[in-house]
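Next come the chains, spelled out residue by residue.
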Amino acid sequence: MFAYYLDLAARSLKRNKVLTALMVLAIAVGIGASMTTLTVMHLLSCDPLPTRSGTLFFPQVDPNPYPDGPSLPYDMMDYRSAVDLWSAHRADRQALIAHGQLKLTAPQVNLPPLMAQVLSTTSEFFPMFDVPFRYGHGWSAQDDASRARVAVISADLNNKLFNGADSVGRTLRLKDSDVRIVGVLDAWRPSPQFYDVAGGRFDDGQTGDFYGRTEDVFLPLNSSSDINPVGFNFFTCWSMPQSDATLQTSPCVWMTLWVQLDSPAKVRSYRQFVADYAALQKSAGRFARADNTQLRSLMGWLDFNHVVPSDVRLQMWVAFAFLLICLFNTVGLLLAKFLRRSGEIGVRRALGASRAAIMAQCLFEAGLIGLLGGIGGLLLTLLGLWLVRRQPVAYADLVHLDTAMFLATFALAIAASLLAGLLPAIRASRMAPGLQLKMT
Amino acid sequence: MQIRPVLSALRKHRVATVLIAMEIALACAVLCNACFLIANRVQQIRIHSGVDERALAAIKLTGFDEKDGVDLNARVLSGLATIPGMRSVSVINAVPFGGSPNNAGITTDAAGKQFAGVVNFYTGGPGSFTALGLRLIAGRAPQDDDYQPVVHFVPDDALVWVSQSLAEHAWPGVDPIGKEFWVGRPHFRVAGVVANLARPSPGEGGPSTIEWSVFVPSQPGAHFAGTYLLRASPEELSRVLRDARAAIAKIAPDAVLETATSQSVASLRETFFQQDRTMAGILLGVIAAMLLVTALGIVGLASFWVQQRRRQIGIRRALGATRGDILGYFQTENFLIVTFGIVLGMLLAFALNLLLMTHYELPRLPLYYLPIGALILWGLGQLAVLGPALRAAAVPPVVATRSV
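Residues numbered from 1 in each chain as written. Chains lettered and ligands numbered in written order. Predicted model: local features only at pLDDT ≥ 70, side-chain atom pairs only at ≥ 80, totals over all residues. Heavy atoms only, no water.

A. Helix H11 (residues 342–350) of chain A, seen in detail. All names here are of chain A. Turning to H11, its buried residues number three or more, namely Ser 342, Ile 345, Gly 346, Arg 348 and Arg 349. Each buried residue of H11 sits inside an arc of 165° when the element is viewed along its axis, so together they form one side. Gly 352 sits one or two residues past H11 and shows a positive phi near 110°. (Buried < 20%, exposed > 50% of the residue type's maximum accessible area, 1.4 Å probe, protein only. Helix = DSSP H or I, 4+ residues; strand = E, 2+ residues; numbered from the N terminus. Arc of directions from axis to C-beta.)

B. The domain arrangement of chain A, seen in detail. Residues and elements named next belong to chain A. Each assigned domain of chain A is listed here: domain 1 (2–45 + 309–439) and domain 2 (53–304). Computed from C-alpha coordinates alone, the two centres of domain 1 and domain 2 are separated by 49 Å. Both faces considered, domain 1 and domain 2 share a buried interface measuring about 760 Å² in area, 51% of it formed by carbon and sulfur atoms. Of all residues in domain 1, Pro 309, Ala 394 and Leu 398 bury the most surface against domain 2, accounting for 51% of the area lost on that side. Inspection of the region where domain 1 meets domain 2 yields two salt bridges. Across the pair Arg 189 and Asp 397 runs a salt bridge whose closest N-O atoms are separated by 2.6 Å. (Domains from an automatic or database assignment. Buried area = accessible area lost by both parts, 1.4 Å probe. Salt bridge = Lys/Arg side-chain N within 4 Å of Asp/Glu carboxyl O.)

C. Structural context of the packing of aromatic side chains. Across all of its chains, the model carries 40 aromatic pairs over all chains by this definition. When the ring of Phe 58 of chain A is compared with that of Trp 258 of chain A, the centres are 4.9 Å apart and the planes differ by 55°; the resulting orientation is tilted. Remark: Trp 258 of chain A occurs in strand E11 (residues 256–260) and Phe 58 of chain A occurs in strand E1 (residues 56–60); sequence separation between them is 200 residues. With a centroid separation of 6.3 Å and 45° between ring planes, the pair formed by Phe 121 of chain B and Phe 181 of chain B is classed as tilted. In this pair, Phe 121 of chain B is assigned in strand E4 (residues 115–124) and Phe 181 of chain B in strand E8 (residues 180–182), connecting sequence segments 60 residues apart. With a relative accessible area of 0%, Phe 121 of chain B lands in the buried category. (Phe/Tyr/Trp six-rings, centres within 6.5 Å; stacked < 30°, edge-to-face > 60°.)

D. Region of interest: the packing of helix H1 (residues 2–15) of chain A against helix H12 (residues 355–389) of chain A. Residue and element names in this part refer to chain A. It is at 9 Å that the axes of H1 and H12 come closest, and there the two elements cross at 65°. The handedness of the crossing between H1 and H12 comes out as right-handed. When H1 is examined against H12, the residues Phe 2, Tyr 5, Leu 6, Leu 8, Ala 9, Ala 10, Ser 12 and Leu 13 are found in contact with a partner set consisting of Ala 357, Ala 360, Gln 361, Phe 364, Glu 365, Leu 368, Ile 369 and Leu 372. Residues belonging to the contact of H1 with H12 are distributed by class as follows: 13 nonpolar, two polar and one charged. (Axes fitted to C-alpha atoms, helices over the stretch in contact; angles between N-to-C directions. Left-handed = near helix turned anticlockwise from the far one by under 90°. Contact = heavy atoms within 4.5 Å. Nonpolar A, V, L, I, M, F, W, Y, C, P; charged D, E, K, R; others polar.)

E. The nonpolar core, seen in detail. Formed by 102 residues in total, the largest nonpolar core has its most connected members in Met 290, Phe 330 and Leu 377 of chain B. Looking at this core, the element that brings in the most residues is helix H2 (residues 14–45) of chain B, giving 16 residues. For Phe 330 of chain B, the contacting residues outside a window of four places in its chain are Val 306, Arg 309, Ile 313, Val 385, Ala 389 and Ala 392 of chain B. Formed by 49 residues, the second largest nonpolar core is a distinct cluster that contains Leu 56, Phe 129, Val 131 and Ala 148 of chain A. (Core = buried A, V, L, I, M, F, W, Y, C linked by side-chain atoms within 4.5 Å.)

F. Spotlight on the interface of chain B and chain A. Chain B puts 45 residues into the contact, and the matching count from chain A is 39 residues. Together, the buried faces of chain B and chain A total about 3,800 Å²; carbon and sulfur atoms form 70% of this surface. Contact with chain A buries area across many residues of chain B, yet Leu 19, Phe 304 and Tyr 360 of chain B alone supply 16% of it, more than any other trio. Taken together, the links from chain B to chain A amount to two salt bridges. In this structure, the connection of chain B to chain A is made through five residue pairs in polar contact (both at pLDDT 80 or more). The greatest single-element share of the side of chain B that touches chain A, amounting to 18 residues, is contributed by helix H8 (residues 274–308) of chain B. Considering only residue class, the side of chain B that touches chain A consists of 25 nonpolar, 13 polar and seven charged. (Polar contact = N/O pair within 3.5 Å; in protein donor to acceptor, adjacent residues only side chain to side chain.)

G. View of the environment of Arg 427 of chain A. Relative to the helices and strands, Arg 427 of chain A is located in helix H13 (residues 403–429). The spatial distance from the C-alpha of Arg 427 of chain A to the C-alpha of Asp 176 of chain A is 81 Å, given a sequence separation of 251 residues. In contact with Arg 427 of chain A, not counting residues within four places along its chain, are Leu 335 of chain A together with Val 15 of chain B.

H. Seen up close, helix H8 (residues 264–283) of chain A. All names here are of chain A. In this model H8 runs 29 Å from its N-terminal to its C-terminal C-alpha over 20 residues, within 8% of the 28 Å that 1.5 Å per residue would give. The set of residues buried in H8 consists of Val 267, Tyr 270, Phe 273, Val 274, Tyr 277, Ala 278 and Gln 281. Taken around the axis of H8, the buried residues stretch over an arc of 130°, which confines them to a single face. Residues Pro 264, Arg 268, Leu 280 and Ser 283 are exposed on H8 and point more than 90 degrees away from its buried face. The inward-facing, buried residues of H8 abut E1, helix H3 (79–87), E11 and strand E12 (294–297). Within two residues after H8, Gly 285 carries a phi angle of roughly 85°, on the positive side. (Expected span 1.5 Å × (residues − 1).)

I. View of the pattern of salt bridges. A complete count under the given rule lists 31 salt bridges over all chains for this structure. With a closest N to O distance of 3.8 Å, Lys 175 of chain A and Asp 176 of chain A form a salt bridge. Through salt bridges with shared partners, a single network forms among Lys 175 and Asp 176 of chain A together with Asp 65, Lys 67 and Asp 68 of chain B.

This is the structure we're talking about:
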């Protein structure tokens, strides 16, 4: 039966090559466009830490002393709130994060100085985010406290400075200070780079930079502020800083805190802890609002920041609208094709073929078109992804077709063409055998 | 041409008619909205920065100590000025499209109650106002003693020049000259209005705030150093910039040149809008592919109908219908189907626009897009049906006498 229908379908498709080519092309182009955009969307909206994300949380408080500030808490925290929450050690793990740039040179490496992106953090950053190491390891809580001059560097920087060799124990010069490398990261490319996400709601959908590469250098926060006390980026300030204020005492938010909470009970109690802290600060006169606290989960925080660039979403919707138009087109053409064969179908029905058999035959033909369209669509998807990779966007190097998306291409193509073939197939199978025979 | 018989014939092919009409409706909705999106992007890409882009370039240095700022400024200003073809070098904090904006919320009263939006502050050293080529439309140009030392990120009490767009937003309908505003304690008084001045990252606060910029004449110093505005004739600019970048290695070996920002303003603009251009290109491609697919669908179905009706066409021809009548019949038929589609498509276009408005910062679809979209689809339909219709018209009357 299978082979017979396949043969019939192939014969029928060969009979009108132009029409067949048209249908296959329409499906292929529609699938190619949809799968390209869907793959990018899939890569950009997936979980950056699938094994851990459920236990990672992002606390926020509102340190604004004026009651008429923004209704939502700032995306970052001031130094005092962040350090207070961190040093309480009420979570299973916790890490402070601040960003900055420092001039970097490496003794005995003949390269001009470069501005390194520096992530200043605390020791539990590495185990909490399950960061893979190529050489060495992270630093200890002892190093945090003793302001040790140690650093972890990215695989990219290690390749650039030391050609990928084991550089543990070597020295880097950051601004005017020497630090000793204790660890080199393995290739680590969380997508998005979730621990840097903040302020997405102010980006007007242009959030492609959240998918960038990791920082070059990771330093203990205390050591980093010793090396360059003014070397941090701030997010915003609720009032104008005094000209002699350090970031630590300024009315600015510039630090984030990530915590790991291993059970729902711990999440509840941490939420309470943050609320209590805010209440205490309000009664001390430091905060205006005690109720403006948040404890978002990692995925919740990414959603809140609309991390998927709005253009990527828009491209996906445009591609699906286009696929829908291609489908309507295929329905129309298949209808024309099947009805043109009404004589042939009449003969088959008169010779005893059931309606189901006619319908199966028609759907088989539609499915074959889908399969051919899927192959074309796959090639066009690969072409489309190649074009995306050539775009100057931060996520360009992440874009590839994985197995799931490879299979999805064919599933979508065949499903789409079967859907397109269903109506014409029903119409064809409903034809009365006698009527068609009389005319011939 | 009589419409009645065409309509009753279409009633016999309800499914196919509805299919084509639906396809046209979808195409109409996507066409109108995609064109509108493209127009929006193009409008953004073509914004007026207000500066002489073709004659300007920026040099940005980082990695130096704040205490060395004064010395660095002196070395760079004198060092770069000797490059042949350099018209002027001045200290500035940022250039349009170069990023690193200096944003702050302003209030139009000292108490900080009348919030007037988040605006960008350009601080510019002596010579930068002229070098930028800002067009003054009210007030006077900055004079030598207007350049105040930078205390916070701007001078504490300064005369400022605002863009026309910001003036109209903050003081609608009144003369902005002499008006005051505050950022907390620091106080500013408007001394002039310039025609245009885009933010360093235009569009980040939404399309309506692209030109909410303030120019503050500032004295270079420890807190205001590292970014320089170069001006040369457009023909010489790329060579001058190349020389300047090479000279920096000798002038300021202690600093790091930020290559991404140390570009001509024209190429910074090019990079800044790269994404929008790509998006406009993709949308244009989709429109073209969509129209092609729709046209091919019409050709396919019309060819089938012509084939199916060969006998009837022959009979009509034998009964005296001219070739023009047959041609007209198929064209009217297509016109009617496309019209059904367009009526439905206009409703869909509006629904789609409402959806886009809620998810993207997009204004309402202007009404004139609908007739333009309709005209394009009518034209497309007529063009697509012409081939099959001509084949129909070529059917000889003698077909009527054949049995099959």
